[in-house]
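# A structural walkthrough
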Amino acid sequence: MNLGGTIRLNKYGLFAILCLFLIYSLHFISKRTNKSTESDVNDINKINIRTILSVAIKAAENGGKKVVEHKDNMNIKSKGKTKEGLRDSVTNADISSHCSMTQTVKHFFPDIKLISEESTVKCNDEYPEYDTVDYVPINKEEFVNKDDVTVWIDPLDATYEYTEKLYQYVTTMVCVAIKGKPVIGVIHKPFEKVTSWAWVGVGLSKDLSFPENRIDNDLKVIVSLSHKGDVEKALEKKFGNNVNVISAAGAGYKALEVAKKHADAYLHVTNIKKWDLCAGDAVLNALGGKMLDKFGEELNYSSDAKVINENGLVAALAKHNEFLDVLK
Ligand SMILES: *[C@@H]1O[C@H](CO)[C@@H](O)[C@H](O)[C@H]1NC(C)=O
């Protein structure tokens, strides 16, 4: 008669022991991970990726404020002509944004490797608003070796359009590459005050988390305003009349259009600098896409690699092979 009771008791007992064991092991595991994090925190040669993402967002937004501030006081200086024969200029806004962005990053990471479009400029210390950052709502702590990190800064993408008051194309961008791979991308639209960011494999800003579903099935390809003709011909050769060519300015703008599925691909044929591409590349990677050159190779954003990409570009979330054909 006692037997049933004993068995029941043992069942509960076993359950309780199991629970205790589980709690103990969880505790043990979490203690172990915390321990390794603590040693990373104190290692001056390591960088917390979540912190640098938060700082990158702050830097892009600080730069964006300068871009907006200087819109009626640009003081355009010519840097010559771009390959497409457009005015290649630098304005007060480029320089002020560059200084604000690089100083924001350097305030938190003084000796990080940093490559910016306007790096020949001397900055004075008049950019005080970099003191605090809002941390991104991500719980992951991950540390990397500082030597493996390169930060790419574009203080004002689409300068020509900015001087023409085509503000929708203007962005400020920060990219963090680790061992040459784009891992964090931040693209800020200063006139819309929207910041799109991505940490590959970990998290995305809200605007990138819920891509709209396109109703139409038309093939849409976005190309540069300044050399639409060549690419358009090649696209028609490959896809016939079924392709819709959209022209727009700004590499950051175009990459975001692909990320948001407003276009299936962004194609580029002339030389382009990597600070124009890195952030968009990271964003596309985070969404399962990527940027490839015409040889189908991924771009290398290591500080030792070339700053110019001379090999064309296919930026897409999928079907890269079809678009690569167009560049051949
Ligand atoms: C990028 O290039 C650097 C040297 O130029 C090399 O060390 C690194 O492994 C390359 N990274 C990738 C991802 O290919």
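Calculation criteria
Residues numbered from 1 in each chain as written. Predicted model: local features only at pLDDT ≥ 70, side-chain atom pairs only at ≥ 80, totals over all residues. Heavy atoms only, no water. UniProt positions renumbered as here; feature names shortened; annotations may be inferred. Near = heavy atom within 4 Å. Polar contact = N/O pair within 3.5 Å; in protein donor to acceptor, adjacent residues only side chain to side chain. Areas by Shrake-Rupley, 256 points an atom, 1.4 Å probe, with all protein chains shown as cover. Nonpolar A, V, L, I, M, F, W, Y, C, P; charged D, E, K, R; others polar. Salt bridge = Lys/Arg side-chain N within 4 Å of Asp/Glu carboxyl O. Buried < 20%, exposed > 50% of the residue type's maximum accessible area, 1.4 Å probe, protein only. Pairing = 2+ DSSP bridges. Helix = DSSP H or I, 4+ residues; strand = E, 2+ residues; numbered from the N terminus. Axes fitted to C-alpha atoms, helices over the stretch in contact; angles between N-to-C directions. Contact = heavy atoms within 4.5 Å.

- Going by an unreviewed UniProt entry, the protein carries the name Putative inositol monophosphatase 3 and comes from Phyllotreta striolata.
- Under Sequence similarities (unreviewed entry), UniProt gives the following word-for-word description of the protein: "Belongs to the inositol monophosphatase superfamily."
- The annotation that UniProt attaches to the protein under Catalytic activity (unreviewed entry) is "a myo-inositol phosphate + H2O = myo-inositol + phosphate".

### Remarks on the site of the ligand
- Surrounding the ligand, one finds K179, N300, S302 and D304.
- Measuring from a nitrogen atom of the ligand, one finds a backbone N or O atom of K179 at 3.4 Å.
- Separating an oxygen atom of the ligand from a side-chain N or O atom of N300 is a distance of 2.3 Å.
- A total of 360 Å² of accessible area belongs to the ligand in isolation, and the protein chains cover 44% of it.
- Its residues assigned to classes, the shell around the ligand comprises no nonpolar, 2 polar and 2 charged.

### Let's talk about the pattern of salt bridges
- Going through the model one piece at a time under the given rule, you end up with 11 salt bridges.
- Between D72 and K71 there is a salt bridge, with its nearest N and O atoms 3.3 Å apart.
- Residue K71 is classed as partly exposed on the basis of its relative accessible area of 25%.
- With a closest N to O distance of 3.5 Å, E142 and K140 form a salt bridge.

### What about the sheet that holds strand 13 (residues 265-268)?
- An order of 12-11-13-17-15 is seen for the 5 strands of this open sheet, with the pairing classed as mixed. Every other strand in the sheet has two partners, leaving strand 12 (243-248) and strand 15 (290-292) as the edge strands with one partner each. Strand-to-strand twist of the sheet, defined as the mean angle between neighbouring strand axes without regard to direction, takes the value 25°.
- With 6 bridges joining them, strand 11 (residues 219-224) and strand 12 adopt parallel strand pairing.

### Looking at the sheet that holds strand 4 (residues 113-116)
- Across the sheet, which stays open at both edges, the 6 strands sit in the order 4-6-7-8-9-10 with mixed pairing between neighbours. Each having just a single partner strand, strand 4 and strand 10 (203-204) make up the two edges of the open sheet.
- Inspection of the sheet shows strand 8 (residues 181-189) paired to strand 9 (residues 194-199) by 6 bridges, in the antiparallel sense. Bridge pairing in strand 9 links G185 to A198.
- Against the sheet, helix 7 (residues 251-259) engages strand 6 (149-157), strand 7 (171-178), strand 8 and strand 9, with an angle of about 105° to strand 8.
- Strand contacts of helix 8 (residues 274-286): strand 4, strand 6, strand 7, strand 8, strand 9 and strand 10, with the helix running at about 105° to strand 8, the strand carrying the most contacts.

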